[in-house]
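# Chains, contacts and geometry: an overview
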Amino acid sequence: MNILIVGATRGIGRQLLEQALASGHAVTALVRNPQRLAIQHERLRVIQGDILDFDSVARAMAGQEAVCCTIGVKVPWVRVTVFSEGTKNLLQAMLQTGVKRLICVTGIGAGDSKGHGGFLYDYLFLPSVNRPIYADKDRQEALIEASDVDWTIVRPGFLTNGPLTKNYRKLINLAGVTAGWISRADVAHFILEELASRQYLHQTPLLTS
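It should be emphasised that the depicted structure is a prediction, and the values quoted were computed from it without experimental measurement.

## Here we look at the overall build of the protein
Of the regular secondary structure elements, the protein holds six helices and ten strands. Taking 2.2 N^0.38 as the reference for a compact globule, 209 residues should give roughly 17 Å; the C-alpha atoms of the protein span a radius of gyration of 16 Å, in line with that estimate. Pairs at least 24 apart in sequence give 69% of the contacts found in the protein among residues at least 6 apart. As displayed, the protein has an accessible area near 9,900 Å², and 51% of this comes from carbon and sulfur atoms. Side chains of the protein carry 22 positive and 18 negative charges; the gap between the two charge centres is 5 Å.

## Points about the environment of alanine 93
Following the sequence through the fold, alanine 93 ends up in helix α3 (residues 82-97). Apart from the residues lying within four places of it in its own chain, the contact partners of alanine 93 are Phe54, Val57, Ala58 and Met61.

## A short note on the nonpolar core
Met61, Val67, Leu90 and Met94 are the most contacted members of the largest nonpolar core, which totals 38 residues. A total of six residues in this core trace back to one element, the largest contributor, which is α3. Setting aside residues up to four positions removed in sequence, valine 67 forms contacts with Leu4, Met61, Leu90, Met94, Val99, Arg101, Leu102 and Ile103. Leu16, Leu21, Leu44 and Phe190 belong to the second-largest nonpolar core, a separate cluster that totals 28 residues.

## Quick notes on the environment of isoleucine 153
The residue isoleucine 153 is located in strand β6 (residues 150-156) in this model. The class for isoleucine 153 is buried, based on a relative accessible area of 0%. Through-space distance from the C-alpha of isoleucine 153 to that of glycine 98 is 20 Å; in sequence the pair is 55 residues apart.

## A look at the sheet that holds strand β2 (residues 26-31)
Strands sit in the order β3-β2-β1-β4-β5-β6-β10-β8 across an open sheet of eight strands; the sheet is mixed. A strand with exactly one partner marks an edge of an open sheet, and here the two such strands are β3 (44-48) and β8 (169-171). When the angles between neighbouring strand axes are averaged without regard to direction, this sheet yields 20 degrees. Summarising the sheet, strand β1 (residues 2-6) and strand β4 (residues 66-69) pair through four bridges and their orientation is parallel. Bridging across to β4, valine 6 finds its partner in cysteine 69. Contacts from helix α2 (residues 54-61) reach β1, β2, β3 and β4, with the element oriented near 165 degrees to β3.

## A few points about the packing of aromatic side chains
Scanning all chains against the criterion turns up five aromatic pairs. Between tyrosine 121 and phenylalanine 158, the ring centres sit 5.0 Å apart and the planes meet at 80 degrees, which makes this aromatic pair edge-to-face. Here phenylalanine 158 lies in strand β7 (residues 158-160) and tyrosine 121 lies in helix α4 (residues 119-128), a separation of 37 residues in the sequence. For phenylalanine 158, a relative accessible area of 18% corresponds to the buried category. Aromatic ring contacts, followed pair by pair, group Tyr121, Phe125, Phe158 and Trp181 into a single cluster.

Reading the values: rules and limits
- Residues numbered from 1 in each chain as written.
- Predicted model: local features only at pLDDT ≥ 70, side-chain atom pairs only at ≥ 80, totals over all residues.
- Heavy atoms only, no water.
- Helix = DSSP H or I, 4+ residues; strand = E, 2+ residues; numbered from the N terminus.
- Rg over C-alpha atoms; globule rule 2.2 N^0.38 Å.
- Contact = heavy atoms within 4.5 Å.
- Areas by Shrake-Rupley, 256 points an atom, 1.4 Å probe, with all protein chains shown as cover.
- Lys, Arg positive; Asp, Glu negative; His and termini not counted.
- Charge placed at Lys NZ, Arg CZ, Asp CG, Glu CD.
- Core = buried A, V, L, I, M, F, W, Y, C linked by side-chain atoms within 4.5 Å.
- Buried < 20%, exposed > 50% of the residue type's maximum accessible area, 1.4 Å probe, protein only.
- Pairing = 2+ DSSP bridges.
- Axes fitted to C-alpha atoms, helices over the stretch in contact; angles between N-to-C directions.
- Phe/Tyr/Trp six-rings, centres within 6.5 Å; stacked < 30°, edge-to-face > 60°.

Put into structure tokens, the structure is as follows:
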């Protein structure tokens, strides 16, 4: 597939980039600073730009078959809008170019996964440090769910830099569930599997150990 990755310089996006290239996909990476990518590959196209800049998003969108949004921000932020405002640009560019498939990574605490992170996370960390981030991730998810694209929203548990294991759970029914750990490599693995299978179309799976 021709895949656009937004947020490819680190974390889940970087793992996704490497695994996608290894699997034979053609990847376009929209990045603010191409020097941070430091990868050269015949099936990799790097476009300098920003998810908040519609023109660069539209330029990167041309010719794609799927879009993967893995952006993040560093805490603490008083007010966060990059997730929702950036997603508006993605959805508009997808509409203009006819790209239908979107996989977006949010996280534990977004949407109906709120309350499934365990006591410390749910009652201390999320309401304080992560509150502005997840308020905007809620707005981001609402925009995606209201759109006409073929979307999957991925909510990983607590992220690690551990190895690819391919051994993790994909949960839709969260009754009685408390999220655990999952490696960024395993989240990237799920995204590639979902691009092929479309098993979780219009769903919000929680990924956890």
